[in-house]
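Commentary on secondary and tertiary structure
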Amino acid sequence: MKGPWERVVITGVGAVSPFGLGADLLCAKIGQGECALGPLPGGDRVKDLGVKAAGLVPEIDAKSIPRTFRRSMSPMGIFACLAAREALSNARLEDYPHDMGLAVGTTMGSPQTMTEFFSEYLSRNGFGNLRSTTFFKIMGHGVASSLALSLGLTGRTLAPSAACVAGLLAIGLGYETIASGRAQVLLCGGAEEFDVLTALTFDHILAASHHPDPAKASRPFDLDRDGLVCSEGAGLLVLESLPQALSRRAPIVAEITGFATNTAPANLVHPDSESIAQCMAQALDDSGLTAADVQAINAHATATVEGDRAEGRAIEKIFGSQTPVNSFKGQLGHTMAASGALELILSISMMNNNCFLPTRNLETIDPECGSLRLPKESQKCMISAIMKNSFALGGVNASLIIEKYEA
Amino acid sequence: MPEKIWKTVASAMIEEFELEPGQMVPEARIKDDLGLDSLDVVDMVIVLETAFDFKIQDKAALKKIITMSDVVDFIVATMAAEKVEAAGG
């Protein structure tokens, strides 16, 4: 268990998702069981691409971001900026301290800009008409730096670039930073933008769904699942030390009480069930809770055959078969680096509404995923603690525990 | 001032840098009045090259540009030099 660290609370959340702008919209649509996935535009123009679905953010007006900041923002930078504004507003931190820092993760630099950059570079053997700010969108910390610039932040900038675990990893790093007393408030989360290159990459390694119906394509834990559906968006959360939040009477929506991250070096793509179980056990140890104290698990569960099985077996090992488990990816698809943050926002909503939500498209549970409790309907139940998992290619795992705040 | 060139420059500047038409006056200073910084000036060159379909070779001359009027003068001079070059002069 951790030492006498500062307690860390979440005081505001913001989201841009394939449903559109706003955390309330995201939570409402997920609560209603809606699916955010649609046809993949232009997919038929890409040779050998079998993917038919994607979760794209509807067109949003970014003109409220001044041009001097917007010019260096990739699409996911814009998503993150709009989500950050919402999070600060919900945290009643419009007059935020400018020495605030941030921890925002992305899978990698902007894939859309990389495609544009290399198309121009390779066809013209030069920069051609590329704008001066192109490179800033490709930088690994491009989203974090453009966010810091647009908000005028002078605190630390942490930008984990760790594929699909990046968002939850950033939140975990933020939690540890505040808990250790090195910062009072941090903006944390993750952002992702869709590019057909991403879908093609997952298709190439046989991890993407080919299902023709977008509404049925993403099927976590289902026997008939055939891979993940790529999506985009951004989730940002305001993390504060409890004394700081109390001193300004901030609206506390949850407390982060445990976090762990580890690595399974045995295989680049296949998740390691034992390593995932260790990660969840370490997060429980960090929180001081036992498995019996956790009332819900929001799984990473991307709907790949191997990933869901490894996570399911790990959950069964640590929690047994009674704790309800779900995945939001049946509705949202895999928002990659944004998934940890967006799904944590949904988990907070689930906890505060005492309503466990089912996994969309889960019809026949794959028995190889272990003996899990995977409800197929919404359930009203008291939820005081949730574990959220995120994992990434390269064997990086992260587990985070939130609890209802109690003085 | 050649009106056609002025209109093309003003239109390109308004579009690229989201400026107001009312800001497009000959005496407007690129940096101090229109708010462009060094990165914007790089993009201004790209935009002007596209608008007038030529390549600006004399990048050093760009440093002397202060106002919108200077931009137009620079374009006129560049086009005249191109004509001379095309004529084999």
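Bear in mind the structure is a predicted one, so any value in this text is a computation, not a measurement.

**Let's talk about the overall build of chain B**
- A count of helical and extended segments in chain B gives four helices and zero strands.
- When its helices and strands are written in sequence order, chain B yields α-α-α-α.
- In terms of C-alpha radius of gyration, chain B reaches 13 Å, essentially the compact-globule figure of 12 Å for 89 residues.
- In terms of overall dimensions, chain B has C-alpha extents of about 40 × 25 × 20 Å along its principal axes.
- Counting over 89 residues, chain B shows a buried share of 16%.
- Restricting to contacts in chain B with at least 6 residues of sequence separation, those with at least 24 account for 59%.

**Some points on the packing of helix H11 (residues 273–287) of chain A against helix H12 (residues 305–319) of chain A**
Residue and element names in this part refer to chain A.
- At their nearest, the axes of H11 and H12 sit 8 Å apart, and the two run at 45 degrees to each other. It follows from the interaxial angle that H11 and H12 lie oblique. The handedness of the crossing between H11 and H12 comes out as right-handed. Residues Ser273, Ile276, Ala277, Met280 and Ala281 of H11 pack against Ala310, Glu311, Arg313, Ala314, Lys317 and Ile318 of H12.
- Residue classes in the contact of H11 with H12 are distributed as seven nonpolar, one polar and three charged.

**Some points on unusual backbone geometry**
All names here are of chain A.
- Even without being a glycine, arginine 249 presents a positive backbone phi close to 55 degrees.
- Tracing the sequence through the fold places arginine 249 in the loop between helix H10 (242–247) and strand E9 (254–263).
- Taking the C-beta count within 10 Å as the criterion, arginine 249 has 8 such neighbours and is therefore assigned exposed.
- Even without being glycine, alanine 301 reaches a positive phi, approximately 20 degrees.
- With respect to the element layout, alanine 301 can be found in the loop between strand E10 (296–298) and H12.

**Structural notes on the interface of chain A and chain B**
- With five residues of chain A at the interface, the matching set in chain B holds seven residues.
- Residues of the side of chain A that touches chain B, tallied by class, amount to no nonpolar, three polar and two charged.

**Considerations on helix H8 (residues 196–204) of chain A**
Residue and element names in this part refer to chain A.
- All of the buried residues along H8 are Val196, Thr198, Ala199, Phe202 and Asp203. Seen end-on, H8 carries its buried residues on one side only, within an arc spanning 160 degrees.
- Next to the buried residues of H8 lie strand E4 (53–54) and helix H4 (111–124).
- Positive phi appears at leucine 206, one or two residues downstream of H8, with a value of about 60 degrees.

**Topic: the domain arrangement of chain A**
Residue and element names in this part refer to chain A.
- Segmenting chain A into domains produces domain 1 (8–247) and domain 2 (258–403).
- Between the C-alpha centres of domain 1 and domain 2 there is a distance of 20 Å.
- On the side of domain 2, 52 residues touch domain 1, which itself brings 58 residues to the contact.
- Counting residues per element, the ones that place at least two in the side of domain 1 that touches domain 2 are strand E1 (8–17), helix H1 (23–31), strand E5 (101–106), helix H7 (166–179), strand E7 (185–192) and strand E8 (233–241).
- Sorting elements by how many residues they give to the side of domain 1 that touches domain 2 places H7 first, with eight residues.

**Some thoughts on H1 of chain A**
Residues and elements named next belong to chain A.
- Ala23, Leu26, Cys27 and Ile30 are the residues of H1 that are buried. Along the long axis of H1, the arc covered by the buried residues comes to 95 degrees, so they all point the same way.
- In the core, the buried residues of H1 are packed alongside E1, helix H3 (75–90), helix H13 (329–332) and helix H14 (339–352).
- In the segment just after H1, glycine 33 is the residue with positive phi, at about 80 degrees.

**Quick look at the nonpolar core**
Residue and element names in this part refer to chain A.
- Of all hydrophobic cores here, the largest spans 133 residues; its most connected members are Ala80, Val104, Val165 and Leu237.
- Element by element, the count of residues in this core is highest for H3, at ten residues.
- In terms of domain composition, this core takes at least three residues from each of domain 1 (8–247) and domain 2 (258–403).
- Setting aside anything within four residues of it in sequence, one finds valine 165 in contact with Gly340, Ser390, Phe391, Ala392, Val396, Asn397 and Ala398.

Quick notes on the rules
- Residues numbered from 1 in each chain as written.
- Chains lettered and ligands numbered in written order.
- Predicted model: local features only at pLDDT ≥ 70, side-chain atom pairs only at ≥ 80, totals over all residues.
- Helix = DSSP H or I, 4+ residues; strand = E, 2+ residues; numbered from the N terminus.
- Rg over C-alpha atoms; globule rule 2.2 N^0.38 Å.
- Buried ≥ 20, exposed ≤ 12 C-beta atoms within 10 Å, placed from the backbone.
- Contact = placed C-beta atoms within 7 Å.
- Axes fitted to C-alpha atoms, helices over the stretch in contact; angles between N-to-C directions.
- Parallel < 35°, antiparallel > 145°, perpendicular 65-115°, else oblique.
- Left-handed = near helix turned anticlockwise from the far one by under 90°.
- Nonpolar A, V, L, I, M, F, W, Y, C, P; charged D, E, K, R; others polar.
- Arc of directions from axis to C-beta.
- Domains from an automatic or database assignment.
- Core = buried A, V, L, I, M, F, W, Y, C linked by C-beta atoms within 7 Å.

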